Amino acid sequence: MPNNNENAPVDFIRAIVNEDIRSGKYKPEEIRTRFPPEPNGYLHIGHAKAICIDFGIAAEYGGKCYLRMDDTNPGKEDIEYVQAIEEDVRWLGFTWDGPTRYASDYFQQMYDYAVDMIKLGLAYVDEQSAEEIRQSRGSLTEPGQPSPWRDRSIEESLDLFERMRQGEFPNGSKVLRAKIDMNSPNVHMRDPVMYRILHMEHHRTGDQWCVYPMYDWAHGLEDSIEGITHSFCTLEFEIHRPLYEWFLEPLPVHKPRQIEFSRLNLTYTVMSKRKLLRLVEEGKVNGWDDPRMPTLCGLRRRGYTPESIRDFVQRLGITKFTGITEVEMLENCLREDLNINADRYMAVLDPLKVTITNYPERQVEWLEALNNPEKPELGSRKIPFSREIYIDRDDFREVPPRKYHRLSPGAEVRLRWAYFLTCHDVKHDEQGNVCELLCTYDPETRGGAAPDGRRVKGTIHWVEAGHAVSAEVRLYDRLFVCENPDDCEEGLDYMSNLNPDSLTLLKDCKLEPALLELPPESRVQFERVGYFCSDRHDHIPDKKAVYNRTVALRDSWAKIEKKHN
RNA sequence: UGCCCGAUGGUGUAAUGGUAGCACAACUGGUUCUGGUUCAGUUUGUCUUGGUUCGAAUCCAGGUCGGGCAGCCA
């Protein structure tokens, strides 16, 4: 379900829709929007903003939102993307009205309207080459030159256009052009191409067509045919709006209104399909759903919740200002959601063995641990405890720095949900590295509370050795080292700003047993460490545990330590 | 040196002629069986110059800065 944004401020788009309702132009339930992706790539978080706006606004008014594949270029599009897009939209939590629609379903109508445009003297068949058209379009500061075919008769254009469709001419030999104004300061108005010849199989219409409509001609008609009332798109289409309106104006059709908003930019992220594609092709990431990718399938695999993404988009707001949003805001939405909803478990990422010398050998007891302290009503589980456990290497220091609250020789800490523990001896390997701790526990502190009221400064997590599940854990970090990956030295590009440490593979982590049983895509908190998600593809319940780090917990100790160095 | 669009703390935004507010980030401190969460608090802002007005972030004019546009891509 979409977010409930009744309390959200009214942005300029909603203000326009409100006004159209107030003035009586539309009734609330008549509001129609659409999300119109081209099926030539995967959806990313930038699309999520558009999706939330398109679907969200329609839902708020009781209107409808359609999902429409803008498949007017058979050379780039593929059925594979259609399915991926549908899945991503559904995953984000939205349901489109009716079946998925396709621009290609309207090819015949578009063709008929194009014939009408020729009859109205508003379009003509041009026989110049692509290069000639480019040359004669002029420049940003110079006007264009009219095509020698611009003033040919309506009859001739009609005949030629029909024969273009029949397949009489090769690719690139002719185009249908709108007759607008070669002197327009807006270059898109300098007789834009409406149809090009493409002898090419289309993923839906097969070889039925060999002329395909261009975006500007097609898109407004698609909106019009579907009865779209408000057609939302990003800012780069702003300059196309006069064309959008010019094409619809002379035709006896419904006139939607195009409204542009700024696209989403995120720090430490690239968003263009081209740039993402290169990351995939050059093997910098492992596919489109690599958890470091800003694609929806990547975020999903990383462990992001649809709710947190919707919440994020709502908090973003909608404006026409091109800025860059800090990725911390997204992460905050995620943590807020997961803090409430993710069950807690214990996991030791970098194991250090601890032997509890005063604990009976071969004894195992099962201690109770809350599943989620934020929601005690969710109950508890039993976790094993014995003489041998693992703790995280980072939770022990032979020489503790100032303000260090964890384990060190002679110090007492609490083992989460278990006992107080005191370190008495440290074993080293030949290289001098700490390899085992000899500790004692206080049997009176079972469950973690001291009957005598004494306090410990630190609580650390642990996993019992005998029942521990060995697991692979993937620690993901930001993909780029700087806020704007495109900021780089002369001659270099964003690839030079890739973070070499964006993935750390941990092969021998120790997890509490329950983590092996969870199904793929389970979102949990490893206590004191971060939020993790069992991998969609590689985690196999009861056989193989593979967890991805979604986002680390905030770490104020790391800040203190950094400050003191 | 064309046209279109934009400019409010570090970031994203609200205020539609009347007290510049919210969220994120940062920083202090309290609470805490997660150095998590939470709570209390602090720092930081209307691009600029004029004009209109009792009063301007808001309206007008000039400037500055930023984004977009010359595919038979979308």
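Computed from a prediction, not measured in an experiment: that's the story for all the values here.

K.L.:
So what's going on with the overall build of chain A? Residues and values would help.
P.N.:
In terms of regular secondary structure, chain A is built from 14 helices and 25 strands. Here the C-alpha radius of gyration of chain A, 31 Å, is well above what a compact globule of 565 residues would show, namely 24 Å. Summed over all atoms, the accessible surface of chain A reaches about 25900 Å², with 48% contributed by carbon and sulfur. When the 75 basic and 96 acidic side-chain charges of chain A are each reduced to a single mean position, those positions are 3 Å apart.

K.L.:
Please provide a residue-by-residue account of the environment of H428, values included.
P.N.:
Checked against the element boundaries, H428 lands in strand β17 (residues 420–428). Each residue touching H428, except ones within four places of it in the same chain, is listed here: E398, N433, V434 and C435.

K.L.:
Describe in detail unusual backbone geometry, supporting the description with residues and values.
P.N.:
Phi is positive for E521, close to 65°, though the residue is something other than glycine. Tracing the sequence through the fold places E521 in the loop between α13 (514–517) and β23 (523–526). E521 gets classed as partly exposed once you look at its relative accessible area, which sits at 25%. Look at D542: it is not a glycine, yet its phi comes out positive at around 70°. Topologically, D542 is positioned in the loop between β24 (530–534) and β25 (545–552). By relative accessible area, D542 is classed as exposed at 54%.

K.L.:
Which residues make up the packing of aromatic side chains, and what values go with them?
P.N.:
By the definition in use, this model includes 20 aromatic pairs. Ring plane angle 75° and centroid distance 5.1 Å describe the contact between W217 and F247, whose orientation is recorded as edge-to-face. Linking W217 in helix α7 (residues 215–226) with F247 in helix α8 (residues 241–248), this pair joins segments that are 30 residues apart in sequence. Each member of the pair, W217 as well as F247, carries the same accessibility label: buried. Three or more aromatic residues joined by ring pairs make a cluster, and in this case those are F107, Y111, F161, Y195, W209 and Y212. Over the aromatic face of Y111 sits the side chain of R165, whose NZ or CZ is 4.6 Å from the ring centroid. Taking the ring centre of Y268 as reference, the NZ or CZ of R478 above it sits at 4.3 Å.

K.L.:
Explain the sheet that holds strand β16 (residues 412–415) residue by residue, including any values.
P.N.:
Strand order in the open sheet formed by seven strands is β19-β16-β17-β18-β12-β15-β20, and the pairing between neighbours is mixed. Every other strand in the sheet has two partners, leaving β19 (459–460) and β20 (462–464) as the edge strands with one partner each. Relative to β20, strand β15 (residues 388–392) runs antiparallel, the two sharing three bridges. In the sheet register, I391 faces β20, and the bridge partner there is W462.

K.L.:
Can you explain the side chain of R34? Please cite residues and give values.
P.N.:
Among the secondary structure elements, R34 is positioned in strand β1 (residues 32–35). Only 2.8 Å separates the side chain of R34 from the side chain of H219, close enough to count as a polar contact. If sequence neighbours within four positions are ignored, R34 has contacts with D54, C65, Y66, R68, H219, D223, E226, I228, S231, F232 and C233.

K.L.:
Can you explain empty space enclosed by the protein? Please cite residues and give values.
P.N.:
Going through the model one piece at a time under the given rule, you end up with one cavity of 30 Å³ or more. Taken as a whole, the largest cavity encloses approximately 50 Å³ of empty space. For the lining of the largest cavity, the elements supplying multiple residues, two or more each, are β14 (380–385) and β20. The element best represented in the lining of the largest cavity is β20, accounting for three residues. Across the lining of the largest cavity, the residue classes break down as seven nonpolar, one polar and two charged.

Reading the values: the criteria
Residues numbered from 1 in each chain as written. Chains lettered and ligands numbered in written order. Predicted model: local features only at pLDDT ≥ 70, side-chain atom pairs only at ≥ 80, totals over all residues. Heavy atoms only, no water. Helix = DSSP H or I, 4+ residues; strand = E, 2+ residues; numbered from the N terminus. Rg over C-alpha atoms; globule rule 2.2 N^0.38 Å. Areas by Shrake-Rupley, 256 points an atom, 1.4 Å probe, with all protein chains shown as cover. Lys, Arg positive; Asp, Glu negative; His and termini not counted. Charge placed at Lys NZ, Arg CZ, Asp CG, Glu CD. Contact = heavy atoms within 4.5 Å. Buried < 20%, exposed > 50% of the residue type's maximum accessible area, 1.4 Å probe, protein only. Phe/Tyr/Trp six-rings, centres within 6.5 Å; stacked < 30°, edge-to-face > 60°. Lys NZ or Arg CZ within 6 Å of the ring centre and 35° of its normal. Pairing = 2+ DSSP bridges. Polar contact = N/O pair within 3.5 Å; in protein donor to acceptor, adjacent residues only side chain to side chain. 1 Å grid on protein atoms, 1.4 Å probe; cavity = no way out; pocket = protein on both sides within 12 Å on 5 of 7 lines; lining within 4 Å. Points joined across faces, edges and corners; volume = space filled by probe spheres on them. Nonpolar A, V, L, I, M, F, W, Y, C, P; charged D, E, K, R; others polar.

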